[in-house]
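# Fold and contact review
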Amino acid sequence: MSASVPPRATAGVALEDTPVSAMAVPRRHRKRQWTFDKVSFFAVFLGLPLVVYLVFVVSPFIQAFYYSLTNWGGFSAMFDFVGLANYTKILTDDLFTRAMLNNVILAIVVPIVTIVLSLVLAVLLTVAGSSYGQTRGLGHSGFYRVVSFFPYCVPAVVIGLMWGQIFDPSHGLVNGLLTGVGISGAKEFAWLGEKSTAMPISMFIMIWAYIGFYMLLFVAGIKSIPAEIFEAARIDGAGRFRTAVSITVPLIRDNVQTAWIYLGIASLDAFVYMSVLNPFGGPGNSTLVMSQQLFTVRLPEGPVRRRMCDGRRDCPHDDDLRRDRRSGESSDRRQGHGDSGMSNTLTAPLRADEVAVHHVKATRGDKTVSTVAHILLIIWSIIVVGPLLWTLLSSFKTTTEIFSSPFALPKKLQWKNFSNAWTTAGIGDYFINTVIVVFGALILVMVFGAMSAYVLARFKFYGNKVIYVLFLAGNTFPIFLAVVPLFFTLKNLGLLNTRPGLIITYVAFALPFTVFFLYAFFKTLPNEIYEAAEIDGAGEWTTFFLVMLPMAKPGFASVAIFNFLGLWNQYLIPVALNTNTSNYVLSQGLAAFAARTNYEVDFGALFASVVLTILPVLIVYIIFQRQLQGSVSQGTMK
């Protein structure tokens, strides 16, 4: 779509001879007219998503804070204002103090270890290759990046179940391997049942799940650093370690700060991992976190509280649970994530792994670093792929084989495990429910997110920044704090225990990330294109759908993939808001089936269920991994 260009005034043509209609109107004097088209555009594009966000995200958090200042018991309409009395009470409660301390430990250890390991892997991938006249990334770095990102694609509940089985004292992979190399003391050691190891193992599992994504984030940041900086450092004699510490890390500090914030928020929640690995807080409450305590202890006996016990025959009543926690008792059977806000002020067309560095010869040290980097990355790849391959292998075994030879090949492929998982375990129904809920939510959140991000990025009006910041704040809200008010909100609207209720809730909580991501893409679109469409008579609706949205297609597709992964892996929302077994989604149904399996002893079907849950997201990632990794780089550049 092109605009008519007014003829230039030349020496032979007087300015007054030029038609007035053809004269360009100065841009600063243009005044947008509030037509019906524009009013309806703003009402739908910004008003509708904002209402959904306010009702299902902001309002529940405000209600939760208000209820915290009252003596409301959860059901009665009568309650009194008590001020800070509740806060004083919980700060003197031993269980809450223990849970808060565990959250603090997680918030310190998990971000530090994850960021350090992610940085090391990112540096190895980008600048650890042998030089031969140029500074370049490690050979086969693409393979390492793809493999490292696998854990991000696996639902958190599946990660918990998978690693819980790996550390199981009776048939787990870890004890089997340790026993196989002659460590007899590890034969029946309960890693998640011992107070000294339950929390370290839980933190290891969380770190394993997080490293791949943040490694990719740091790789994108390092590649945006101008290659001349690395060239100058090497010519001046700086070694790789000195370059990494003094140049690379300081220049991607924005990425590191972003990772720290998101990892800190995830560590303060940690509900999914802890509730799956140790449903009742672990031995001596060593793994109890605040979100877990809220669900299993503090909520009164009712729909939400009962929902957490569904499928667990060993789930005690509240009084028994409190007594067991205080005495340090725990269940004998141990059962075993997304996000990207990125920025970097340094952008350049030259990339550190592509641009030649002249007069620099290959050294033996370069080859040594490259070899060591390959060894370390191969070890890391085995740590990533090993549990997934073991899970796949176990899905073809009988229960007897799983217990007797946890790391041996199956004698015969048990395809019936998958049919049992699909039919008997109900994975087929859960899969269909998940497809309906996830794709319904994905379509709505992409439409709502694109509309609101476009209005906030392209139009200036009173309250623009306030609304944008309000959306951004949603990325920091821990969902578990709003679950109780959200439960009653859906109940009052008649949406509780329904697919539409899950869909609209998914949409509301995915909006902040979607708006944040797409805002940057719409912000960078040239304003001249919009003005050309306006001059040609296109309305706001036509301009958005036919002109601006196609130009933002790369960002739109990237955030759609991220949203698909996040929505497919969702666990907390359906567990708290969906008590109807016929509407269970995969992560929810899988957790319930895992609890039943511990009594029915059908571990082959359990592992097959895990494989069926993981498979769709891994397929999506493998198909779109180039675009997904590119979107992280684009997000960093913006």
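None of the values given here were measured: they were computed from a predicted structure.

### Re the overall build of the protein
- Looking only at helices and strands, the protein has 28 helices and 0 strands in total.
- When the accessible surface of the protein is totalled, it reaches about 28300 Å², and 65% of it is carbon and sulfur.

### Brief notes about the packing of helix α6 (residues 156-166) against helix α8 (residues 195-223)
- In contact at an axis separation of 11 Å, α6 and α8 are set at 130° when each is read in the N-to-C sense. In terms of orientation, α6 lies oblique with respect to α8. The two elements α6 and α8 meet at a crossing, and its hand is right-handed. Along its contact with α6, which presents Ile-159, Met-162 and Trp-163, the element α8 presents Phe-204, Ile-205, Trp-208 and Ala-209.
- Classifying every residue of the contact of α6 with α8 gives 7 nonpolar, no polar and no charged.

### Regarding the packing of aromatic side chains
- Tallying each qualifying case throughout the model produces 48 aromatic pairs.
- Measuring from centroid to centroid gives 5.2 Å for Phe-45 and Trp-541, while their planes differ by 85°, and the two rings are edge-to-face.
- Its relative accessible area of 0% is what places Phe-45 among the buried residues.
- Classification of Trp-541 as partly exposed rests on a relative accessible area of 29%.
- Taken together, Phe-41, Phe-42, Phe-45, Tyr-454, Phe-459, Phe-461, Phe-522, Tyr-530, Trp-541, Phe-544 and Phe-545 form an aromatic cluster joined through their ring pairs.

### Examining the environment of Asn-103
- Among the secondary structure elements, Asn-103 is positioned in helix α3 (residues 94-127).
- On the accessibility criterion, Asn-103 (0% relative accessible area) is buried.
- Along the backbone, Asn-103 and Ser-291 are 188 residues apart, and their C-alpha atoms lie at a distance of 9.4 Å.
- With residues up to four places along the chain from it excluded, the contact list for Asn-103 reads Ser-267, Leu-268, Asp-269, Val-289 and Met-290.

### With respect to the nonpolar core
- Ranked by internal contacts, the top residues of the largest apolar core, which has 178 residues, are Leu-106, Tyr-214, Phe-218, Phe-522 and Phe-544.
- In terms of residues, this core owes the most to one element, α8, which gives 18 residues.
- Every residue in contact with Phe-522, bar those within four places of it in the chain, is listed here: Ala-450, Ala-453, Tyr-454, Ala-457, Arg-458, Phe-544, Met-548, Leu-549 and Ala-552.

### Brief notes about the environment of Tyr-468
- Turning to its location among the elements, Tyr-468 is positioned in helix α20 (residues 464-473).
- Once the C-alpha coordinates of Tyr-468 and Val-515 are considered, the two residues, 47 residues apart in sequence, prove to be 8.3 Å apart.
- Non-local contacts of Tyr-468, meaning those with residues more than four positions away in its chain, are made with Leu-456, Phe-516 and Tyr-519.

### Observations concerning unusual backbone geometry
- Look at Asn-285: it is not a glycine, yet its phi comes out positive at around 55°.
- Note that Asn-285 resides in the loop between α12 (271-277) and α13 (290-298).
- We classify Asn-285 as buried; its relative accessible area is 6%.
- For Asn-497, which is not a glycine, the phi torsion comes out positive at approximately 65°.
- Secondary-structure assignment places Asn-497 in the loop between α21 (483-492) and α22 (499-524).

### Notes on the packing of α22 against helix α25 (residues 553-568)
- Relative to each other, α22 and α25 sit at 155°, their axes nearing to 10 Å. With respect to α25, the axis of α22 lies roughly antiparallel. As for how α22 packs across α25, the hand of that crossing is right-handed. Here α22 contributes Tyr-506, Ala-510, Phe-513, Thr-514, Phe-517, Leu-518 and Phe-521 to the contact with α25, which in turn contributes Gly-555, Phe-556, Ser-558, Val-559, Phe-562, Asn-563 and Leu-567.
- Among the residues forming the contact of α22 with α25, the class breakdown is 10 nonpolar, 4 polar and no charged.

### Looking at helix α7 (residues 173-180)
- Within α7 the residues assigned to the buried category are Leu-173, Val-174, Asn-175 and Gly-176.
- Once α7 ends, the next one or two residues include Gly-182, with phi positive near 100°.

### Regarding the environment of Lys-397
- By the element assignment, Lys-397 lies in the loop between α16 (364-394) and α17 (399-404).
- Note: C-alpha distance between Lys-397 and Ala-408 (11 residues apart in sequence) is 9.6 Å.
- With sequence-adjacent residues up to four places away left out, Lys-397 is seen in contact with Ile-402, Ser-405, Pro-406, Phe-407, Ala-408, Leu-409, Pro-410, Gln-414, Asn-417 and Gly-604.

### Points about a nonpolar patch on the surface
- A cluster of nonpolar side chains, contributed by Leu-91, Met-100, Leu-101, Val-104, Ile-105, Ile-108, Ile-112, Val-113, Val-116, Leu-117, Val-120 and Trp-260, occupies part of the molecular surface with about 950 Å² of accessible area.
- In terms of residues, the nonpolar patch owes the most to one element, α3, which gives 10 residues.

### As for the side chain of Asp-93
- Secondary-structure assignment places Asp-93 in the loop between α2 (85-91) and α3.
- At a separation of 2.9 Å, a polar atom in the side chain of Asp-93 contacts the main-chain amide nitrogen of Leu-95.
- Among the polar contacts listed, one links the side chain of Asp-93 to the backbone nitrogen of Phe-96, at a separation of 2.9 Å.

### Quick notes on the side chain of Glu-540
- Along the polypeptide, Glu-540 turns up in helix α24 (residues 540-551).
- What makes Glu-540 buried here is its relative accessible area of 6%.
- Here the side chain of Glu-540 touches Tyr-530 through a polar contact of 2.7 Å, side chain to side chain.
- Other than its neighbours up to four places away in sequence, Glu-540 contacts Asp-37, Lys-38, Phe-41, Phe-459 and Tyr-530.

### A few points about helix α10 (residues 240-251)
- Within α10, burial applies to Thr-243, Ala-244, Ile-247 and Thr-248. Projection of α10 onto a plane perpendicular to its axis shows the buried side chains occupying an angular sector of 125°, all on one side. Exposed and facing more than 90 degrees away from the buried side of α10 are Phe-241 and Arg-242.

### Section: the confidence of the model for the protein
- Looking at the protein as a whole, its pLDDT mean stands at 77, while 79% of the residues score no less than 70.
- Across the protein, helix α19 (residues 427-458) holds the top mean pLDDT of 93, while helix α15 (residues 318-326) sits lowest at 40.
- Low confidence marks residues 131-135, where pLDDT is under 50. Its contacts with residues over four positions away, or in another chain, come to 21 contacts.
- Low pLDDT, under 50, characterises residues 298-362; the predicted model gives this stretch 185 contacts beyond four residues in sequence or across chains.

Each value, and the rule that gives it
- Residues numbered from 1 in each chain as written.
- Predicted model: local features only at pLDDT ≥ 70, side-chain atom pairs only at ≥ 80, totals over all residues.
- Heavy atoms only, no water.
- Helix = DSSP H or I, 4+ residues; strand = E, 2+ residues; numbered from the N terminus.
- Areas by Shrake-Rupley, 256 points an atom, 1.4 Å probe, with all protein chains shown as cover.
- Axes fitted to C-alpha atoms, helices over the stretch in contact; angles between N-to-C directions.
- Parallel < 35°, antiparallel > 145°, perpendicular 65-115°, else oblique.
- Left-handed = near helix turned anticlockwise from the far one by under 90°.
- Contact = heavy atoms within 4.5 Å.
- Nonpolar A, V, L, I, M, F, W, Y, C, P; charged D, E, K, R; others polar.
- Phe/Tyr/Trp six-rings, centres within 6.5 Å; stacked < 30°, edge-to-face > 60°.
- Buried < 20%, exposed > 50% of the residue type's maximum accessible area, 1.4 Å probe, protein only.
- Core = buried A, V, L, I, M, F, W, Y, C linked by side-chain atoms within 4.5 Å.
- Patch = residues over 30% accessible without salt bridge, like charges linked within 9 Å, V, L, I, M, F, W, Y side chains within 5 Å.
- Salt bridge = Lys/Arg side-chain N within 4 Å of Asp/Glu carboxyl O.
- Polar contact = N/O pair within 3.5 Å; in protein donor to acceptor, adjacent residues only side chain to side chain.
- Arc of directions from axis to C-beta.
- pLDDT = per-residue confidence, 0-100.

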